[in-house]
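# Commentary on secondary and tertiary structure
The primary structure of each chain is shown beneath.
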Amino acid sequence: MIIVNVKGGMVGRIDPESLSLLKDKVIFINRVAKVVKGGRRFSFSALVVVGDEDGHIGFGKGKANEVPEAIRKAIELAKRSLCKVLVQDGTIPHRIEGVFGAGKVVIVPAKPGTGLIAGGPVRAIMEVVGIKNIVAKSIGSRNPFNMVRATIDGLTKLKNYETVKRRTGKTDEEKQDSSK
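Everything quoted here is computed from the prediction, not taken from an experiment. (Residues numbered from 1 in each chain as written. Predicted model: local features only at pLDDT ≥ 70, side-chain atom pairs only at ≥ 80, totals over all residues. Heavy atoms only, no water.)

## Some remarks on the sheet that holds strand E5 (residues 56-64)
An order of E3-E4-E5-E6 is seen for the four strands of this open sheet, with the pairing classed as antiparallel. Edge positions in the sheet fall to strand E3 (23-36) and strand E6 (83-84), since each has one partner strand and no second. Pairing between E5 and E6: two bridges, direction antiparallel. Residue pairing in the sheet places His-56 in a bridge with Lys-84 of E6. Packed onto the sheet, helix H1 (residues 67-80) meets E3, strand E4 (39-51) and E5 and runs at close to 145° relative to E5. Across the sheet, helix H2 (residues 120-129) is in contact with E3, E4 and E5; its angle to E3 comes to roughly 140°. (Pairing = 2+ DSSP bridges. Helix = DSSP H or I, 4+ residues; strand = E, 2+ residues; numbered from the N terminus. Contact = heavy atoms within 4.5 Å. Axes fitted to C-alpha atoms, helices over the stretch in contact; angles between N-to-C directions.)

Pasting the structure below:
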């Protein structure tokens, strides 16, 4: 089953059992307090990303009274939200911007040998999705939840040259003729 998101990118439900070894990475653990009659009741929320280092990525947020339980819940949610990302030769095919809320992430492809030049949650996502050479900059929000969603928004909007050519219906010769 393939679903098209509002921005036109392809998002499909992927079975986590069909993928090879999934790697998970904890991005953020937050202690939250609920004020009740007897005082404060503490619980933990965890933000986790999972990927197979071959172009599949998912993220999840879990909340529980204990940290390990919150992480387990987040991993289960992340496996349910897996989506495919376009990765070519350890980088992405073109520059892209992802936006969620006030957070904006600019992701630029890089030559082999550059490495991962990205900070915080963006770096963790690139590691589990299998991108080795990239330059990324987070602008606006420092909230890890918004940065993760903005990064995944950008990665799901990626398109390759053949897909764009098929969609527009133009060949290479027609493009050169129209630019003259």
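## Details of the pattern of salt bridges
Counted according to the given criterion, the structure contains eight salt bridges. A salt bridge links Glu-127 to Lys-25; the shortest N-O distance between them is 2.7 Å. Taken together, the residues Glu-127 in helix H2 and Lys-25 in strand E3 connect sequence positions 102 residues apart. For Glu-69, the salt bridge is made with Arg-72, and the minimal N-O distance between the two is 2.4 Å. Separated by three residues within a single helix, Glu-69 and Arg-72 lie in helix H1, roughly one turn from each other. The class of Arg-72 is partly exposed, set by a relative accessible area of 37%. Taken together, the shared-partner salt bridges connect Lys-25, Arg-123 and Glu-127 into one network. (Salt bridge = Lys/Arg side-chain N within 4 Å of Asp/Glu carboxyl O. Buried < 20%, exposed > 50% of the residue type's maximum accessible area, 1.4 Å probe, protein only.)

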